[in-house]
Amino acid sequence: MLAASTGAGADQLAVDGNGRAFVVTPSAVDRSASFSSVRRRTAAPGGRFGPWRTVLRAGRGERVIDAGLAADGSGLAFLQSRARAGRGVRVVAFGAPGRATRPIAVSSHGGNVD
């Protein structure tokens, strides 16, 4: 189950059955509205969160539109092509250790994903 969000781009928090906590966030390189990467942090039960680690960076011509997190620390990130005409969306899964899979297209460039 993905943790609830207050909106696209908001930090996601999840805690597993043993009390280990995970936070994931889309992040921008600059202060623009475009997110260019997904980062995550973990904390042992009763401990502080460790440093941010980059899970994935958007490729050239793409932006991260959101990310979600499951209680076990795995999650999904959603990438959108920046081209105004024929935008497409791809999804990238990542495991609890933070390793990302290859992106999978979930909408065609001919679809309406705005």
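None of the values given here were measured: they were computed from a predicted structure.

Conventions we followed
- Residues numbered from 1 in each chain as written.
- Predicted model: local features only at pLDDT ≥ 70, side-chain atom pairs only at ≥ 80, totals over all residues.
- Heavy atoms only, no water.
- Pairing = 2+ DSSP bridges.
- Helix = DSSP H or I, 4+ residues; strand = E, 2+ residues; numbered from the N terminus.
- Axes fitted to C-alpha atoms, helices over the stretch in contact; angles between N-to-C directions.
- Buried < 20%, exposed > 50% of the residue type's maximum accessible area, 1.4 Å probe, protein only.
- Polar contact = N/O pair within 3.5 Å; in protein donor to acceptor, adjacent residues only side chain to side chain.
- Salt bridge = Lys/Arg side-chain N within 4 Å of Asp/Glu carboxyl O.

Engineer: When you look at the sheet that holds strand β8 (residues 104-107) in this model, what are you seeing that I'm missing?
Structural biologist: Paired through their backbone hydrogen bonds, the strands of a sheet run either parallel or antiparallel. One open sheet accounts for 4 strands, arranged β5-β6-β7-β8; its pairing is antiparallel. Each edge of the open sheet is held by one strand with a lone partner, namely β5 (62-69) and β8. Between one strand and the next, the sheet's axes are offset by a mean angle of 30°, whatever the strand orientation. Alignment of β5 against strand β6 (residues 75-81), held across 7 bridges, turns out to be antiparallel. When the sheet's bridge partners are listed, E62 is paired in β6 with S81.

Engineer: What am I meant to see in the sheet that holds strand β1 (residues 12-15) here?
Structural biologist: Spatial strand order, β1-β2-β3-β4: 4 strands in an open sheet with antiparallel pairing. Where the open sheet ends on each side, the last strands, each with one partner, are β1 and β4 (53-57). For this sheet, the mean inter-axis angle between neighbouring strands, taken without regard to orientation, is 20°. As defined by bridge partners, strand β3 (residues 37-43) adjoins β4 across 4 bridges and the pair is classed as antiparallel. For R40, the partnering residue across the bridge sits in β4 and is R53.

Engineer: Please explain the side chain of T25 as it appears in this structure.
Structural biologist: Inspection of the secondary structure assignment puts T25 in strand β2 (residues 21-27). Residue T25 is classed as buried on the basis of its relative accessible area of 7%. Within the structure, the side chain of T25 is placed 2.5 Å from the side chain of D11, a separation counted as a polar contact.

Engineer: Just checking my understanding: could you explain the pattern of salt bridges for this structure?
Structural biologist: Using the criterion set out here, one finds 1 salt bridge in the structure. As a salt-bridge pair, R90 and E62 come within 2.7 Å of each other at their nearest N and O atoms. With R90 in strand β7 (residues 89-94) and E62 in strand β5, this pair connects stretches of sequence that are 28 residues apart. R90 gets classed as partly exposed once you look at its relative accessible area, which sits at 31%.

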